[in-house]
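One letter stands for each residue in the lines below.
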Amino acid sequence: MLQLIPGFVWIGMVAVLALAFQRSQHWKPFSFSAWVLAFVIAALFYPHWFQQWRGAPASRYIPLLIQIIMFGMGTTLSWQDFSRVLLRPKAVVLGMAMQFTIMPLLGLTLATAFQFPTEIATGVILIGSCPGGVASNVIAYLSRGDVALSVTMTACSTLMAPLMTPIMMSLLAGATIEIHFFDMMWQILQIVIFPTVLGLLANYLLRRFQLSGPWLERSLSVVAMLAICVVISIIVAQSRNELLTVGPLILVCAMLHNGLGFLIGYWGATSCGLTESECRTISIEVGMQNGGMGTALAINVLKSPQAAFAPAIFGSWMSIAGSVLASCWRRRPCVASDIGDQPDVKVINKSPDST
């Protein structure tokens, strides 16, 4: 009984902190990070909660949970988000180019420098090869970035993922571990693209019949965030002992990968003469990857819980780092000329703000 008390106390303390953050406009960006931390603590203290459900391995449910997350993201998109790439090709192309080249290469460099075992190193490269994270739109909004650009980049990089992620994995990790190119492509289509398209269609139909509203967006955001927390907890619980050994090093690697992604994204956008709001957005899109997708691919395609370490830890850290970055940038408003002509940003902002 005494062994249980510390775990429940830690979980309770962090959960209370998360609720307090949620009620504060100033600290609200950190609430999701606190919930992620609470779930991670629960998985470390009580791994059996997340190892088996109804006699089946809990990892079997990861793809379904990722599909729920991507469906939720799809409901925040519209057909206009894809057409904007034609209006602002420079920013979108620049951000996606850095996302699918610099981040995988940075993952390979860090995995080599840290001398990780093969499967863990593969996971680091994998998370670097994933498209933009599902939380990046929220972070862009809180950072006073260009939300329309953020949504467009997330949508476009997600659609490019079935091709670009297998290509980068084959090029950078194919020599050390077998990469099934078409299996990975099919899994991304199933886990990411199909649910996103369904969410996009659902958004269109709900708006057409005037059934959409803040209550629906808020509910979907809560469900998506809960799914992210559960996915991370399952991965942590499945390999708890190994994670306690190599976890600190992977966390340091995640900090470097994420931090350098933010810096390189911002520097690259600044060098190309983009506005401050666009620079912030590209920095966030380049620095944050879809950890849930990386986790699912590691489990379903690579068949390696060890390869899922990096996506799980990187995903947890990115939400924390993104929240901190958003808090810093929110105190430094962009000048009027930097915001640009974004007549539809107010509409798009409703979804991130509801989280």
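These numbers were taken from a predicted model, which means no experiment stands behind them.

**Structural notes on the overall build of the protein**
Of the regular secondary structure elements, the protein holds 16 helices and two strands. Carbon and sulfur atoms form 69% of the exposed surface of the protein, whose accessible area is close to 15800 Å².

**Focus on helix 13 (residues 291–300)**
Judged by how many residues are buried, helix 13 sits mostly within the fold: nine of ten residues are covered. For helix 13, the complete set of buried residues consists of Gly 291, Gly 292, Met 293, Gly 294, Thr 295, Ala 296, Leu 297, Ala 298 and Ile 299. At the N-terminal boundary of helix 13, the capping side chain belongs to Asn 290, with an oxygen 3.0 Å from the backbone nitrogen of Met 293.

**A closer look at the nonpolar core**
A general tendency of soluble globular proteins is for nonpolar side chains to be buried together. Counting 106 residues, the largest nonpolar core has Ile 62, Ile 66, Phe 116, Met 184, Ile 250, Ile 282 and Phe 314 as its most contacted members. Top element by residues in this core is helix 8 (residues 147–173). It accounts for twelve residues. If near-sequence neighbours (up to four positions away) are discounted, Ile 250 is found in contact with Phe 116, Ile 120, Phe 309, Ala 310, Ile 313 and Phe 314.

**A word on a nonpolar patch on the surface**
A surface patch of nonpolar side chains, about 770 Å² in accessible area, is lined by Phe 71, Trp 79, Val 197, Leu 198, Leu 201, Tyr 204, Leu 205 and Phe 209. Within the secondary structure layout, Tyr 204 lies in helix 9 (residues 181–208). The exposure class of Tyr 204 is partly exposed, given its relative accessible area of 39%.

**Concerning the packing of helix 8 against helix 12 (residues 276–287)**
Direction vectors running N to C along helix 8 and helix 12 enclose 30 degrees, while the axes themselves pass 9 Å from each other. Of the possible angle classes, the one that applies to helix 8 and helix 12 is roughly parallel. In this structure, the crossing between helix 8 and helix 12 has a hand that is right-handed. Contacts from Leu 149, Ser 150, Met 153 and Thr 154 of helix 8 reach helix 12 at Glu 278, Thr 281, Ile 282 and Glu 285. By residue class, the composition of the contact of helix 8 with helix 12 is three nonpolar, three polar and two charged.

**Considerations on the packing of aromatic side chains**
Taken as a whole and judged by the stated rule, the model has nine aromatic pairs. The interplanar angle of 50 degrees and the centroid separation of 6.0 Å between the aromatic rings of Phe 8 and Trp 49 together place this pair among those described as tilted. Of the two residues, Phe 8 is situated in helix 1 (residues 4–23) and Trp 49 in the loop between helix 2 (31–45) and strand 1 (52–53); the sequence distance between them amounts to 41 residues. Judged by relative accessible area, which is 35%, Trp 49 ranks as partly exposed. Each ring, one from Tyr 46 and one from Trp 49, has its centre 4.5 Å from the other, and the planes form 25 degrees; the classification is stacked.

**Examining the side chain of Thr 165**
Relative to the helices and strands, Thr 165 is located in helix 8. For Thr 165, a relative accessible area of 0% puts it in the buried group. Those residues within four positions of Thr 165 in sequence are excluded, and the remaining contacts are Phe 100, Leu 126, Ser 129, Cys 130, Pro 131, Met 184, Ile 188, Met 293 and Leu 297.

**Section: unusual backbone geometry**
One non-glycine residue, Gln 115, lies in positive phi territory at about 55 degrees. When you line up the elements, Gln 115 lands in the loop between helix 5 (89–114) and helix 6 (118–128). Phi is positive for Lys 303, which is not a glycine, with a value near 55 degrees. Within the element layout of this structure, Lys 303 appears in the loop between helix 13 and helix 14 (309–330). Under the relative-accessibility criterion, Lys 303 is labelled exposed at 63%.

**Thoughts on the environment of Val 286**
Among the structural elements, Val 286 can be located in helix 12. Residue classification places Val 286 among the buried positions, given a relative accessible area of 0%. With 21 residues separating them along the chain, Val 286 and Gly 265 place their C-alpha atoms 5.6 Å apart.

**Overview of the pattern of salt bridges**
Any two side chains of opposite charge can pair if their charged atoms end up close together. Overall, the coordinates contain one salt bridge when judged by the stated rule. Measuring nitrogen to oxygen at the nearest pair gives 2.8 Å for the salt bridge that ties Glu 276 to Arg 280. In this pair, Glu 276 and Arg 280 both sit in helix 12, four residues apart, roughly one turn of the helix. Relative accessible area serves as the criterion here: at 16%, Glu 276 is assigned to the buried category. For Arg 280, a relative accessible area of 1% translates into the label buried.

**Observations regarding the state of the cysteines**
Throughout the structure, instances matching the rule amount to zero disulfides. Free cysteine: Cys 279, not disulfide-bonded; nearest cysteine sulfur from Cys 272 at 8.8 Å.

Conventions we followed
Residues numbered from 1 in each chain as written. Predicted model: local features only at pLDDT ≥ 70, side-chain atom pairs only at ≥ 80, totals over all residues. Heavy atoms only, no water. Helix = DSSP H or I, 4+ residues; strand = E, 2+ residues; numbered from the N terminus. Areas by Shrake-Rupley, 256 points an atom, 1.4 Å probe, with all protein chains shown as cover. Buried < 20%, exposed > 50% of the residue type's maximum accessible area, 1.4 Å probe, protein only. Polar contact = N/O pair within 3.5 Å; in protein donor to acceptor, adjacent residues only side chain to side chain. Core = buried A, V, L, I, M, F, W, Y, C linked by side-chain atoms within 4.5 Å. Contact = heavy atoms within 4.5 Å. Patch = residues over 30% accessible without salt bridge, like charges linked within 9 Å, V, L, I, M, F, W, Y side chains within 5 Å. Salt bridge = Lys/Arg side-chain N within 4 Å of Asp/Glu carboxyl O. Axes fitted to C-alpha atoms, helices over the stretch in contact; angles between N-to-C directions. Parallel < 35°, antiparallel > 145°, perpendicular 65-115°, else oblique. Left-handed = near helix turned anticlockwise from the far one by under 90°. Nonpolar A, V, L, I, M, F, W, Y, C, P; charged D, E, K, R; others polar. Phe/Tyr/Trp six-rings, centres within 6.5 Å; stacked < 30°, edge-to-face > 60°. Disulfide = S-S within 2.5 Å.

Honestly, it's all geometry; don't read function into it.
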